[in-house]
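Tertiary structure, described
This is what each chain is made of:
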Amino acid sequence: MKVKSLGFKIFLAAAMVLFGICALPCFGNFAVSVAEKYLGRTLRDAPRWMEVVMHCSFIGIFAVLITAFLSFVSLGKKIAGYIKNEYGLFFKELKMNRAIFVSAVVFVFYLLCFSRIILADFFYHDDIWRAAEGSRSWIGLGRYVSEFLSILIHNNIEIQDIAPLPQIISVFIMSFTTVLLTYILNGKKIDFIPALALTPVFISPFFAQNFSYRYDCVYMVIAVLLPVIPFLFRDDIPAFVFSSIVFLILDCMSYQAGTSVYIILAIFFVASKIISDEVSEEFSAISPQEKKKLAVFLAASVVSFASALVLYKIFFVNSKSFDPNFYADAQISVTSIIPNAADYIELCAKDFGGFFTKFSFDVVSVLAIILCVKNSKCNKLFASVVAVAAYILGLILSFGSYLVFKQPLYEPRAFMGFNCFVAVVCFVLVKQVLFFEKKSRLIKCIFVPVLLYGCMVFLFTLGNCMSVQKKYQSFRMSVLMSDLDDFIVSDKDFDLTFSGTIGMCNGNEIAVKNYPVIRKLVTVLPSANSIWNDDLMKFHNIEIEENSSAVKPEWPLLRSTVYHDIYAQGNHFHVVLKEEF
């Protein structure tokens, strides 16, 4: 045993030295030069790739330090033992017939909800670029988990389109995440109704954008799973802090927006502890030990979250990972908190499904707060203040770290915290009704299934819109290719630029009217200055330069139709797309 331990220590020491050498700038220069010789060309933005090499080395150092801590440090051994025990209890519960049934039903439910999006077979946003180029490039945004897992899932360095396999894998992970979340929130029991109440964490209209990415969806689902795991160990503060920091860093390496899920769960546990029937009738009467435990848990959550983000920022974020013109400006701006929160809440209120979905959630929210206060053993006024404060705080903080960004990302895919917020509110209402209410149970929680149905309707609507838009795009491209064929000389190279857009198909008009957010969720190509126009043309066996102009040049007009105008000068073509005709 001692020999094995010594050998393992030597192995870890050697690994630490190796990764330490790899983290040196001189090794980054060497790695880049070797890569350039192998590829036979100069790497674009070589300094960025040197940073990537260094950060990958930091991941190795990070892994070695964690392994050494859990294996040889006394506190680490205790944490490892506790984590192993909690995992054992969870998987023991997961093997119960009831849990197996719940898992199967949740999986089928998710598969049904997202079936129309899967069947639409739609290239969403940069999917078409990945399919045409086989590129990953998540590593440039600090998403190392996404980068490395994509190689395994696609079974190649250049990732080819394997849809719908990533979506099916995503559904499995979504089901597991929901069951785990149910186990954590429901007193370590996996029951059907609470699990169903938590499904908005994935079937929310906002998460539809995450799932629509046929390449990215797996890693975005993982980004919801990772911040949930630490709460398995919330009863042991050292284990909770350790797992929180580790899994939040991994979460940032998957998809940074997922960290907001952690905030919602922390707020839930603090608020539920205060107003649950476990505490005394007056908060002031709670024992000093209980107050201390509550304060320690809150402090541990805040410190763990902040520490993970700071460590990720220092050691793993590429200096050019967040381009303000492309993604988001991650510069911290305290003065931006209020306007960011206001814009975020406005978007949530505007884009969260249709009228009935919004109304259902409003009713669920009010009933959840009322029943929490009614069933609390605390002073009712105090319980009301805590419940309302937790709700408002949860709503605002569900935007996560984007709140303090100078220029946050307002895309629906970044609203993972809000999705979790909705799910937790639904869970709270269902739990209050099941545990405390004896009369009119169905009436009191009827708006939860109404909300779930509204989310399902939206997902089917979006899938149908994608299918219609795909057919319309194919039609417009066929007409354009036919017209261009009359002027392009087959044995000469040419370039092509666009202005205007084909717009949304009129067949989607009613759906867009009912759900305006669909305009954000259905990619329209070709369009002026879209970085994916050239990739779209590749699917028509035409290689062109990247679209570089949205201004109609003063060239001769070759053809004008109801769909487009074609201008040309020599082998340079410009197409003015018409949306209204």
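Being a predicted model, the structure only gives us computed values, none of them experimental. (Residues numbered from 1 in each chain as written. Predicted model: local features only at pLDDT ≥ 70, side-chain atom pairs only at ≥ 80, totals over all residues. Heavy atoms only, no water.)

On to the environment of Lys350, then. Here Lys350 lies in helix 17 (residues 337-351). In this structure, the C-alpha to C-alpha distance between Lys350 and Tyr515, residues 165 residues apart in sequence, is 9.4 Å. (Helix = DSSP H or I, 4+ residues; strand = E, 2+ residues; numbered from the N terminus.)

Here we come to a nonpolar patch on the surface. Taken together, Val310, Leu311, Ile314 and Phe315 make up a surface patch of nonpolar side chains, about 330 Å² in accessible area. Assignment of secondary structure puts Phe315 in helix 16 (residues 288-315). The class of Phe315 is partly exposed, set by a relative accessible area of 34%. (Patch = residues over 30% accessible without salt bridge, like charges linked within 9 Å, V, L, I, M, F, W, Y side chains within 5 Å. Areas by Shrake-Rupley, 256 points an atom, 1.4 Å probe, with all protein chains shown as cover. Salt bridge = Lys/Arg side-chain N within 4 Å of Asp/Glu carboxyl O. Buried < 20%, exposed > 50% of the residue type's maximum accessible area, 1.4 Å probe, protein only.)

Before going further, it helps to examine unusual backbone geometry. The linkage connecting Ala163 with the following residue, Pro164, adopts the cis geometry, with an omega of 10 degrees. Among the structural elements, Pro164 can be located in the loop between helix 8 (144-154) and helix 9 (165-185). Along the chain, Leu525 connects to Pro526 via a cis peptide bond; the corresponding omega equals -5 degrees. Its location among the elements puts Pro526 in the loop between helix 24 (518-521) and helix 25 (533-538). The residue Lys188 is not glycine, and still its phi comes out positive at about 60 degrees. The topology assignment puts Lys188 in the loop between helix 9 and helix 10 (192-197). Accessibility expressed as a relative area gives 29% for Lys188, which makes it partly exposed.

With respect to the element layout, Pro408 can be found in the loop between strand 2 (405-407) and helix 20 (416-436). A sequence separation of 68 residues divides Pro408 from Asn340, and the C-alpha atoms of the two residues are 7.5 Å apart.

Applying the stated criterion across every chain yields a total of 15 salt bridges. The partner of Asp161 in a salt bridge is Arg214, and the shortest N-O contact between them spans 2.9 Å. Separated by 53 residues along the polypeptide, Asp161 in the loop between helix 8 and helix 9 and Arg214 in the loop between helix 12 (207-212) and helix 13 (217-225) bring together distant segments of the chain. Notably, a salt bridge pairs Asp351 with Lys520, separated by 2.8 Å at the nearest N-O pair. Within this pair, whereas Asp351 is found in helix 17, its partner Lys520 is found in helix 24, the two being separated by 169 residues in sequence. When salt bridges with common partners are traced through the structure, they connect Asp121, Asp161, Arg214 and Lys470 into a single cluster.

All right, on to helix 13 then. Counted residue by residue, helix 13 has 9 buried out of 9 residues, so it is predominantly covered. Among the residues making up helix 13, those that are buried are Cys217, Val218, Tyr219, Met220, Val221, Ile222, Ala223, Val224 and Leu225.

What follows deals with the pairing of strand 6 (residues 572-577). Buried residues dominate strand 6, accounting for 5 of its 6 residues. Relative to strand 6, strand 3 (residues 495-500) runs parallel, the two sharing 6 bridges. Bridging from a neighbouring strand, Gly500 pairs with Leu577 of strand 6. With 6 bridges connecting them, strand 5 (residues 564-569) and strand 6 associate as antiparallel partners. Following the sheet pairing, Ile566 is matched in strand 6 by Val575. (Pairing = 2+ DSSP bridges.)

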